[in-house]
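# Structural overview for review
In case you want the letters, here they are:
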Amino acid sequence: MGEPMLQGKTVVLGVSGGIAVYKAVELLRLLTKSGAQVHVIMTKNAQEFVTPLTFQTLSGNPVHTDLFSLYQEQEIGHISLADQADLFVLAPATANLIGKIAHGLADDLLTTSVMATKAPVLVVPAMNSNMYENPLYQRNEKLLAEAGYRIMEPVTGELACGWQGKGKLPEPEQILGVATGVLLPNDLLGCQILVTAGPTREEIDPVRYLTNYSSGKMGFAIAQAAAARGAAVTLVSGPTNLQVPNGVKCVPVISAEQMREAVLANYSVTDVVVKAAAVADYRPACREDNKIKKAADELTLSLEKNSDILSELGAQKGERILVGFAAETERLLTHAAEKLQRKNLDMVVANDVTSTGAGFDVDTNIVRFLFADGCVEELGLMTKAQVANQLLDRVVTLRQAKQQ
Ligand code: CTP
């Protein structure tokens, strides 16, 4: 679903020689699956455990092994690898590698690149537990930490050498989690966000319902991006085919009334609400218990109004930030501005669902942001993940302004 979280990020994965190299293969797979471009640098010893070909095949990029390879230097070079990286991950990092970096030694491609980079470096040590506890090693690790390198503690368990103790490489999923935290801003940490997504279904009888074209993609992209930025996210979603993003609490609902109940139940602990759901404005006045049979030539359905959830939230807003959506087919700005005011919102995301690349069931959107102070911002065609992050950037600014 959506755009992979690490899309556009470049990671250099530095692999040094230890039995845990096989786990670095899995880490590489997870990083590329998350959308990152990964360049692998292997030390000479690492190549004794797994061949560069494995890393090359999985990363889709040449593996770098040699400081003095003319071909590699021409193609990319250790300096340009160091420059391109948004993050270096050293996994597994041996005692030897950590010792060398701690003392400013740069005698191969990996140590040279680490020294040349200004990107954050995540060091994930793995070694025998006695080596790990050795005071000389501990001193080197401390030197790295003091110099701003991020160290991920090894875990305790059975080691490859048969020993029991601290020194195991953490699981690749955990390393990915920490790496993601370093790569993405954490500016929503401590913030409770409630996002609504998808359509609602209003039942006519046991086999029929009224709904709309909403796919839920925009709301899910917002929930995913907010969680990645540190927020605690509750996603109240109507029926969709989408997978709930990692770290997001999902409350599935069907009808507008169920959505209202779920939203109100969570409102008291919420700091920010983003209402991306396309809520049905009306429901059948009476839901038939049995299937309506075909009879007369004409059938009139009587509808009654659903409550406007966002207006209800607006009326009891307090210090919260409320963001609404306005999907329109004409007079976009007028309608969006009217909703902003009527529902007491801080921001409205307006989109003309008739234009190509915007609206339902596509991965892109063209939106404008309208703010309570009358400002309007026009954003070009973007992926829904990009729109989500732009929206959250504005939420962060609005929060800062409120907290002052
Ligand atoms: N909304 C809501 N509850 C409703 C209807 C809409 O919370 N019963 C929210 C939507 O989630 C969206 C915003 O209000 O964030 C605007 O929804 P929209 O359907 O565009 O606006 P309406 O107020 O229903 O106006 P209209 O349908 O006349 O355009």
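Residues numbered from 1 in each chain as written. Predicted model: local features only at pLDDT ≥ 70, side-chain atom pairs only at ≥ 80, totals over all residues. Heavy atoms only, no water.

## Re the site of the ligand
Selection rule: For this purpose, a residue is taken to be near a molecule or strand whenever a single non-hydrogen atom of the residue falls within 4 Å of it. The definition of a polar contact used here is a pair of N or O atoms within 3.5 Å, where within protein one atom must be able to donate a hydrogen and the other to accept one, and adjacent residues in sequence count solely through side-chain atom pairs. Computed by Shrake-Rupley with a 1.4 Å probe, the accessible areas treat only the displayed protein chains as cover when residues are assessed. Cavities and pockets are found on a 1 Å grid laid over the protein atoms alone: a cavity is a set of points where a 1.4 Å probe fits but cannot escape, a pocket is an open set with protein on both sides within 12 Å along at least five of seven lines, and a lining residue has an atom within 4 Å of such a point. For a molecule to be placed in a cavity or pocket, more than half of its atoms must lie within 2 Å of the grid points of that cavity or pocket. Elements are defined by DSSP. Helices are runs of H or I of four residues or more, strands are runs of E of two residues or more, and each kind is numbered from the N terminus. Note on residue classes: Ala, Val, Leu, Ile, Met, Phe, Trp, Tyr, Cys and Pro are nonpolar, Asp, Glu, Lys and Arg are charged, and everything else, Gly too, is polar.
Around the ligand, the surrounding shell holds 13 residues, and the nearest of these are Lys-275, Ala-277, Asp-281, Lys-339 and Lys-343. Contacts to the ligand include Leu-310, whose backbone N or O atom sits 2.9 Å from an oxygen atom. Phe-325 places a main-chain nitrogen or oxygen 2.9 Å from an oxygen atom of the ligand. When the free accessible area of the ligand is taken as 570 Å², the share hidden by the protein chains comes to 78%. Judged by its atoms lying within 2 Å of the grid points, the ligand is housed in the largest pocket. For the shell around the ligand, the elements supplying multiple residues, two or more each, are helix 13 (309-315), strand 16 (321-328) and helix 14 (332-342). Across the shell around the ligand, the residue classes break down as five nonpolar, two polar and six charged.

## Here's the deal with a nonpolar patch on the surface
The following threshold applies: To count toward a patch, a residue needs a relative accessible area over 30% and no salt bridge; like charges are then connected within 9 Å, while nonpolar side chains (Val, Leu, Ile, Met, Phe, Trp, Tyr) are connected within 5 Å. The salt bridge criterion pairs a side-chain nitrogen of Lys or Arg with a carboxyl oxygen of Asp or Glu, the two atoms within 4 Å.
Taken together, the side chains of Tyr-282, Leu-299, Leu-301 and Leu-303 make up a nonpolar region of the molecular surface, amounting to roughly 390 Å² of accessible area. Turning to its location among the elements, Tyr-282 is positioned in strand 14 (residues 282-284).

## Side note on the sheet that holds strand 5 (residues 150-151)
The following threshold applies: If DSSP finds at least two bridges between two strands, the strands pair. Contacts: residue pairs with any heavy atoms within 4.5 Å of one another. Angles here are taken between N-to-C directions and fall from 0 to 180 degrees, while the axes themselves are lines fitted to C-alpha atoms, restricted in helices to the stretch in contact.
With respect to topology, five strands assemble into an open sheet ordered 2-1-3-4-5, the strand pairing being parallel. Across the chains shown, the open sheet's two edge strands, defined by having one partner strand only, are strand 2 (37-42) and strand 5. Of the strand pairs in this sheet, strand 3 (residues 87-93) and strand 4 (residues 121-125) are connected by four bridges, and their pairing is parallel. Bridge assignment links Val-89 to a residue of strand 4, and that residue is Leu-122. The strands touched by helix 1 (residues 21-33) are strand 1 (10-15), strand 2 and strand 3; relative to strand 1, the strand with the most contacts, the crossing angle is about 175 degrees.

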